[in-house]
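Take a look at the letters that make up each chain.
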Amino acid sequence: MGLSLKAQDYKTSLGLRAGFPYGLTIKHFMNETNAVEGILASNYGGFIATALFENEHWTGKYPGLNWYWGVGAHVGFWNAGANKYLKSTYSGSVIGVDGILGLEYTFDEIPLNISLDVLPSVNLIGSAGWGGVNGALSVRYVF
């Protein structure tokens, strides 16, 4: 007799990301453990689009609670003059790479999913260098 455990309990989810950067998030599973996530967000007085490939696993203790990691890339633009907290004087386009590590919980009773993640980034083009460790709480409707 065997036991099969799935890492996720849904196919697609769409919602809001509250943190840094903040915006919209959509996550779609290609199979039981691999997903793609897109984030459209406001950042540094500009706009950032991030695409991530994620690998998700059940924590092994609580049903619906999973952990995930992933890698991806971002593209966008900054307006340093629009953000008094930005130490850089750079305004223009940015392109870079990202990592992600997080926890996610999907409710059984309602079509809702919440996640908490850290999102370190490195800019390769435009204001090149360490982009910092970002993070957010996401709340998504599960389809």
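Residues numbered from 1 in each chain as written. Predicted model: local features only at pLDDT ≥ 70, side-chain atom pairs only at ≥ 80, totals over all residues. Heavy atoms only, no water.

1. Quick look at the side chain of Asn55
Step number 1: For Asn55, the position within the fold is in strand E4 (residues 46–58).
Step number 2: Accessibility expressed as a relative area gives 13% for Asn55, which makes it buried.
Step number 3: Only 2.8 Å separates the side chain of Asn55 from the side chain of Asn34, close enough to count as a polar contact.
Step number 4: Among the polar contacts made by the side chain of Asn55, one reaches the side chain of His57 at a distance of 2.2 Å. (Helix = DSSP H or I, 4+ residues; strand = E, 2+ residues; numbered from the N terminus. Buried < 20%, exposed > 50% of the residue type's maximum accessible area, 1.4 Å probe, protein only. Polar contact = N/O pair within 3.5 Å; in protein donor to acceptor, adjacent residues only side chain to side chain.)

2. Focus: the nonpolar core
Step number 1: With six residues, the main nonpolar core is built from Ile39, Ala41, Leu52, Tyr68, Ile100 and Leu119.
Step number 2: When neighbours within four sequence positions are excluded, Tyr68 is seen to be in contact with Lys27, Glu54, Asn55, Glu56, Ile100, Leu101, Gly102, Leu103, Glu104, Ser115, Leu116 and Asp117. (Core = buried A, V, L, I, M, F, W, Y, C linked by side-chain atoms within 4.5 Å. Contact = heavy atoms within 4.5 Å.)

3. Structural notes on a nonpolar patch on the surface
Step number 1: Judged by side-chain polarity, Met30, Val36, Phe53, Trp67, Trp69, Val71, Leu101, Leu103, Val118, Trp130 and Val133 come together as a nonpolar surface patch covering roughly 1100 Å² of accessible area.
Step number 2: Among the elements of the structure, strand E5 (65–79), strand E6 (91–106) and strand E8 (129–142) are those that each provide at least two residues to the nonpolar patch.
Step number 3: Per-element tally for the nonpolar patch: the top contributor is E5, with three residues.
Step number 4: Within the element layout of this structure, Phe53 appears in strand E4.
Step number 5: Phe53 sits in the partly exposed class, given a relative accessible area of 35%. (Patch = residues over 30% accessible without salt bridge, like charges linked within 9 Å, V, L, I, M, F, W, Y side chains within 5 Å. Areas by Shrake-Rupley, 256 points an atom, 1.4 Å probe, with all protein chains shown as cover. Salt bridge = Lys/Arg side-chain N within 4 Å of Asp/Glu carboxyl O.)

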